[in-house]
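Residue-level listing of the chains:
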Amino acid sequence: MTFNWRQSVKLQTFFSKSLAYVLLFIFGIPFIVPLLFVLSTALKTASQVYVNPPIWVPNPPQFGNFIQAWNVAPFGRFLVNSLITTFIPMIGDVFVSAIVAYSFARLRWPGRDAVFSVLLVTMIMPGIVTFIPTFILFSRLNWINTFLPFIVPAFFGGAFYIFLLRQFMLNLPDGLEEAARIDGASTAQIFIRIVLPLLGPALATVAIFSFMARWNDFFAPMIYLHRPHLKTLMLGLAFFESMATGTGGGYGFLSARLHLLMAITTLIALPCVLIFVAFQKYFVRDVITSGFKL
Amino acid sequence: MTIEPKHTAGIGTAVQPKATAQVRKRRSGKRRSGSLRRREAWTGVLMALPWMLGFLLFTAGPMLFGLYAGMTRWDMISPPRWVGFQNFIRMFSGDDRHFYRSIGVTFRYVLMSAPLHVVLGFILASLLNMKITGTNFFRSMYYLPSILPVVASAVMWSWVFNPDFGLLNHGLSMLGIRGPGWLSSPDWALPAMVIMNLHYIGPSMIILLAGLQRVPQELYEASQLDGANRWQILRHITFPMLSPVVFFIIITNINGSFQTFTQAFLMTNGGPRYATYFYMLHLYNEAWGAFRMGYASALAWVLFLIIVAFLAIHFRLGKLWVYQESD
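Peer 1: Before we go on, may I ask you to explain the overall build of chain A in this structure?
Peer 2: The number of helices and strands found in chain A is 15 helices and zero strands. Looking at chain A as a whole, 51% of its 294 residues qualify as buried. If you sum the accessible surface of chain A, you get close to 13,600 Å²; carbon and sulfur atoms cover 69% of it.

Peer 1: Teacher, can you tell me more about the interface of chain A and chain B here?
Peer 2: Contact with chain A, which involves 102 residues of that partner, is made by 96 residues of chain B. Between chain A and chain B the total buried area reaches about 8,800 Å² when both faces are included, carbon and sulfur atoms providing 79% of it. At the junction of chain A and chain B, the tally comes to one salt bridge. With a closest N to O distance of 3.6 Å, B:Glu40 and A:Arg108 form a salt bridge.

Peer 1: Even after reading the chapter, I still don't get unusual backbone geometry, so can you show me in this structure?
Peer 2: For residues besides glycine, phi is generally negative; the peptide bonds are generally trans as well. The omega torsion across A:Asn59 and A:Pro60 is -5°, close enough to zero to call that bond cis. With respect to the helices and strands, A:Pro60 occurs in the loop between helix 2 (46–49) and helix 3 (64–70). The phi angle at B:Met76 is positive, at roughly 70°, despite the residue not being glycine. Along the chain, B:Met76 falls in the loop between strand 1 (72–73) and strand 2 (81–82).

Peer 1: Would you mind going over empty space enclosed by the protein with me for this structure?
Peer 2: Which parts of space are left empty comes out when a probe the size of a water molecule is rolled across the atoms. All names here are of chain A. Following the criterion strictly, the structure yields two cavities of 30 Å³ or more and no others. By volume, the second largest cavity amounts to about 50 Å³. Lining the second largest cavity are Ser82, Thr85, Thr86, Phe150, Arg214, Trp215, Asp217, Pro221, Thr232 and Met234. Looking at the lining of the second largest cavity, the elements that each hand over two or more residues are helix 4 (75–106) and helix 11 (200–216). Here the element with the most residues in the lining of the second largest cavity is helix 4; it accounts for three residues. Grouping the amino acids of the lining of the second largest cavity by side-chain chemistry returns four nonpolar, four polar and two charged.

Peer 1: Help me understand the pattern of salt bridges, please; the structure alone is not making it clear to me.
Peer 2: For side chains bearing opposite charge, pairing can occur when the charged atoms are close. Under the criterion given, the structure shown has five salt bridges over all chains. Between B:Arg292 and B:Glu286 there is a salt bridge, with the nearest N and O atoms lying 2.6 Å from each other.

Peer 1: Could you clarify how one ought to interpret the packing of aromatic side chains in this entry?
Peer 2: When we look at a pair of aromatic rings, we describe it by the centre distance and by the angle of the planes. Counting across every chain of the model gives 55 aromatic pairs over all chains. Taking the ring centre of A:Phe116 as reference, the NZ or CZ of A:Arg166 above it sits at 3.9 Å. Positioned above the aromatic ring of B:Tyr295, the side-chain terminus of B:Arg90 is 4.2 Å from the ring centre.

Peer 1: Please clarify how the confidence of the model for chain B should be interpreted in this entry.
Peer 2: Residues shown with low pLDDT carry predicted positions that ought not to be read at fine detail. Residue and element names in this part refer to chain B. The pLDDT averaged across chain B works out to 83; a share of 87% of its residues lies at or above 70. No element of chain B has a lower mean pLDDT than helix 1 (residues 3–31), which averages 41, and none a higher one than helix 8 (residues 189–198), which averages 94. Counted against residues more than four places away or in other chains, residues 1–30, with its pLDDT under 50, gives three contacts.

Parameters and conventions
- Residues numbered from 1 in each chain as written.
- Chains lettered and ligands numbered in written order.
- Predicted model: local features only at pLDDT ≥ 70, side-chain atom pairs only at ≥ 80, totals over all residues.
- Heavy atoms only, no water.
- Helix = DSSP H or I, 4+ residues; strand = E, 2+ residues; numbered from the N terminus.
- Buried < 20%, exposed > 50% of the residue type's maximum accessible area, 1.4 Å probe, protein only.
- Areas by Shrake-Rupley, 256 points an atom, 1.4 Å probe, with all protein chains shown as cover.
- Contact = heavy atoms within 4.5 Å.
- Buried area = accessible area lost by both parts, 1.4 Å probe.
- Salt bridge = Lys/Arg side-chain N within 4 Å of Asp/Glu carboxyl O.
- 1 Å grid on protein atoms, 1.4 Å probe; cavity = no way out; pocket = protein on both sides within 12 Å on 5 of 7 lines; lining within 4 Å.
- Points joined across faces, edges and corners; volume = space filled by probe spheres on them.
- Nonpolar A, V, L, I, M, F, W, Y, C, P; charged D, E, K, R; others polar.
- Phe/Tyr/Trp six-rings, centres within 6.5 Å; stacked < 30°, edge-to-face > 60°.
- Lys NZ or Arg CZ within 6 Å of the ring centre and 35° of its normal.
- pLDDT = per-residue confidence, 0-100.

Given below as structure tokens:
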């Protein structure tokens, strides 16, 4: 009797687990296959693109498409601009936010908690309400067609990054800092020598979030960078799309250069995919932190 | 009743180290002289200063200025002209035909997108919570599209939605269904955007998964002992425990769709026949298309108030029916 019962439980878990696998695979199809479809289109010749049913594995794969696509527009220039508007602001996002976060986490000053609750409010505020006035401000400062609208605000720290870093610092033991303070170390020394090295993983998280937000941004570059030689990769890609498919959006397009468009799309998305594969745990963990605290 | 003593004992031991730490802190605070404390305060303010200045320069200042600009007519060439509440009257009286239309599009989008995010996210999270090998692989697979640049995703989906050679209609034809024109069809363009948005389900799924893993295992065991069936466990334990997470996802979805811009701008530019004319698209066209900065500022403030209203509902009403741990 007991033997049978156990066996049936085993059988049940076996079946439910198999079912889970099958479902996970079936649901996975719409998540992965479109990406593979883009990759496959990127490796086709122009004449293989508009074929029904689609060719999945082009033979031979046209790896030259990537080079050809890269040279359709000055994508090298766009890449440099993307690197500038991503990595210079990232320095501010990471280090200025860390400095501010330290003040909120460890130092006592009057009004600190009130200021921090203001910070929490700005975190959930939609950015658009400040976008038009900031645009007017920057255009009055003649910052249109410069990288300053991206760089300068970043060096005032980001609310969300400050919040993440503060949470992390609150969980650090403060024994080392106390000891250093008793030994007569200044706050700056403690912050640089003791706190920053301990913050490694948290700084990496902020760097990744900052990279993703800035590398993928479309709206701000579109508004601030109009000259062709200042455009970022995202603007370049959107420009190439409208060029390759004709204006008026992407619906129903037929284009002789669709394979090149897919090739450049693959190249531009690739850094994000690589960073995701390399640092998955940061994505998962910090999505959760940000979710539960809101 | 029998569980209680155990429970409090657990809490007692867990809290103790924290309490001693607090006592220690208080003591060391007392030992510190006034000048040291004053110096700490100065250093603290100094280190927080960048953000406080940034808040004044790039958040508070612009917000107030935006409120002022919302009361003017302003093309950025001639100086702004004060018009009072005229911009808001134009908006709500229906003089601006696109205002209600864009709000309608945005809400229709939320009404389709949010439930799908919750239901599909819950199914995926439950499957990932079954402790089978390869969970990490599947989780990454579902999360991967969420990290793609929106511009790249827009290009990809335009191609997938292509009526004649796109992947979606090819898949449907294999099932014997003749697919619609998707982005070129006024009826199907918005559902197409909803389908595209499902690719960004990763964060919802992860938060739901974390929510599932936070449900105390004892609750399941106790209810199984009491003879509850699967549906009853789902209905009376899992759903109530997940309600804050679900609520959060809905609010995030509302927030997100009111700020949906890039994909609509690139894929349909609001068309066909305004079927995908999102609120942000309207705002963008007013500000950077027609250079009606005053009116666009008013639109931005209304958008701000709409989102604040939903957040207020999130925080106030949420407490009434959402189950929350009291910690």
